[in-house]
Amino acid sequence: MSNKKQDLFGLNNDSEEEDISLDEEEEQEDSRFSKTRLQKQSLSDDDDDDSDSDQEEEETGTEKKIDEKEEEEEEEETNIEEGLEGEGYDAPKDLSEFGESRKRVRTKKVKSLSPEELEKFEKARKKTGVCYLSSVPLFMKPSRVRSLLEKHAEIGRIYLVPEDAKVTARRKKYTKNRRMNFVEGWVEFKDKKVAKALAEHLNMKNIGGKRQSKYYHDMWNIKYLPKFKWHHLTEHMAHENQARQHRLRTELEQSKRENKTYIQNVERAKMLQNMEQKKRKREGEPAVPAKQRISRTFEQRGKVEREVDPSKSGKQSFDKMDNNLKGVLGSIFSKK
């Protein structure tokens, strides 16, 4: 006899084997919580953590780049606030000898100076001198001014004021010359005594150099400014920029107010016109065009006749006068 049992229909009964197979499947399902499976899951989780950390590093790298860009924009804004940045500005990289402690650093942290360094910078600043160029030769750049003046003394910063934007636009429109032209400028010297002596020596003298140079026959118009430092110039330029911005803001506000009042008046006129048309329709009167409509009427005074009518001849008016008046006029205008 086989171990298998037959059912009522004479078929083999495999219920026990099915029970055994079900138990084996349950054990297989429980095998997902085994050590090897858990180790594999931990490794996959570590890989996911590594990928997340890589993503976080990329995000931090992008944030750093954004911060650097923002810091560069802030530096540009500070330079623009000073009012001395642009094509007309030229300065050496190291300005510590000229009493300038500001360094262009990308980091946000600024190190505080020691008292000795502060004294050193104050002495260097007091020692500097500034000269004023009342006129700059045509199309001369700040680098060219530096190369010409460096032969005589140590130079710090140079700032040349560009000409009016309307003049440059007109010149670029009607001529082929698109170079930048400067009107006036300031030059910073390391030693104010040297700056004063150099200004007295070079003033109203030819620039010189090679005879082939186009600036050979041009003349220096330079003057030393006593008790004037570079920070005075930056403050003045910043004040001018603020005043210009304030003036532009007031003009824009005024134009907005004028436009607003104009629009309100137009709307009010349309409303009154519509009200009048509706009133005329109710009363049954024909609509009158705007050109023929008379808004106001004035009472005219009657014509007054004068004693002396200017339209009549002088003899008739003279005859109407009194005899006493005629005698007085005769004594005044009579020929002696």
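Small disclaimer: the values here were computed from a predicted structure and weren't measured. (Residues numbered from 1 in each chain as written. Predicted model: local features only at pLDDT ≥ 70, side-chain atom pairs only at ≥ 80, totals over all residues. Heavy atoms only, no water.)

## Let's talk about the overall build of the chain
Next up, step 1: Helix and strand counts for the chain stand at nine helices and seven strands.
Next up, step 2: Looking at the chain as a whole, 19% of its 336 residues are labelled buried.
Next up, step 3: The contacts in the chain between residues at least 6 apart in sequence include a share of 69% that link residues at least 24 apart.
Next up, step 4: By element, 50% of the accessible surface of the chain is carried by carbon and sulfur atoms, the whole surface being about 28,600 Å². (Helix = DSSP H or I, 4+ residues; strand = E, 2+ residues; numbered from the N terminus. Buried < 20%, exposed > 50% of the residue type's maximum accessible area, 1.4 Å probe, protein only. Contact = heavy atoms within 4.5 Å. Areas by Shrake-Rupley, 256 points an atom, 1.4 Å probe, with all protein chains shown as cover.)

## Details of the pattern of salt bridges
Next up, step 1: Tallying each qualifying case throughout the model produces five salt bridges.
Next up, step 2: Across the salt bridge formed by E150 and R146, the nearest N and O atoms sit 3.8 Å from each other.
Next up, step 3: Using a relative accessible area of 44% as the deciding quantity, one classes E150 as partly exposed.
Next up, step 4: Judged by relative accessible area, which is 10%, R146 ranks as buried.
Next up, step 5: Where E188 meets R157, a salt bridge forms, and the shortest distance between an N and an O atom there is 2.9 Å. Of the two residues, E188 is situated in strand β6 (residues 182–189) and R157 in strand β5 (residues 155–162); the sequence distance between them amounts to 31 residues. An identical accessibility class is assigned to E188 and R157; each is buried. (Salt bridge = Lys/Arg side-chain N within 4 Å of Asp/Glu carboxyl O.)

## Some remarks on the side chain of K229
Next up, step 1: Tracing the backbone through its elements, the reader meets K229 in the loop between β7 (222–225) and α7 (230–283).
Next up, step 2: Within the structure, the side chain of K229 is placed 2.5 Å from the backbone oxygen of T128, a separation counted as a polar contact. (Polar contact = N/O pair within 3.5 Å; in protein donor to acceptor, adjacent residues only side chain to side chain.)

## As for the nonpolar core
Next up, step 1: Formed by 24 residues in total, the largest nonpolar core has its most connected members in V145, L149, V187, F189 and W220.
Next up, step 2: Secondary structure elements with two or more residues in this core: β4 (129–133), α4 (142–149), β5, β6, α6 (192–202) and β7.
Next up, step 3: With four residues, the top contributor of residues to this core is α6.
Next up, step 4: For L149, the residues in contact, after removing those within four places along its chain, are I155, V187, F189, L202 and W220.
Next up, step 5: Formed by nine residues, the second largest nonpolar core is a distinct cluster that contains Y89, V130, Y159 and V161. (Core = buried A, V, L, I, M, F, W, Y, C linked by side-chain atoms within 4.5 Å.)

## Some words on a positive patch on the surface
Next up, step 1: A cluster of basic side chains, namely K141, R144, K151, R179 and K214, defines a positive patch on the protein surface.
Next up, step 2: With respect to the helices, strands and loops of the structure, R179 is situated in the loop between α5 (165–174) and β6. (Patch = residues over 30% accessible without salt bridge, like charges linked within 9 Å, V, L, I, M, F, W, Y side chains within 5 Å. Lys, Arg positive; Asp, Glu negative; His and termini not counted. Charge placed at Lys NZ, Arg CZ, Asp CG, Glu CD.)

## Considering a nonpolar patch on the surface
Next up, step 1: Judged by side-chain polarity, M271, L272 and M275 come together as a nonpolar surface patch covering roughly 310 Å² of accessible area.
Next up, step 2: Examined against the element boundaries, L272 turns out to sit in helix α7.

## Some points on the confidence of the model for the chain
Next up, step 1: Mean pLDDT for the chain: 75, with 61% of residues reaching 70 or above.
Next up, step 2: Across residues 1–9, where pLDDT falls below 50, the model places eight contacts with residues more than four positions away in sequence or in other chains.
Next up, step 3: Per-residue pLDDT stays below 50 along residues 29–33; that stretch engages in three contacts with residues further than four places along the chain or on separate chains. (pLDDT = per-residue confidence, 0-100.)

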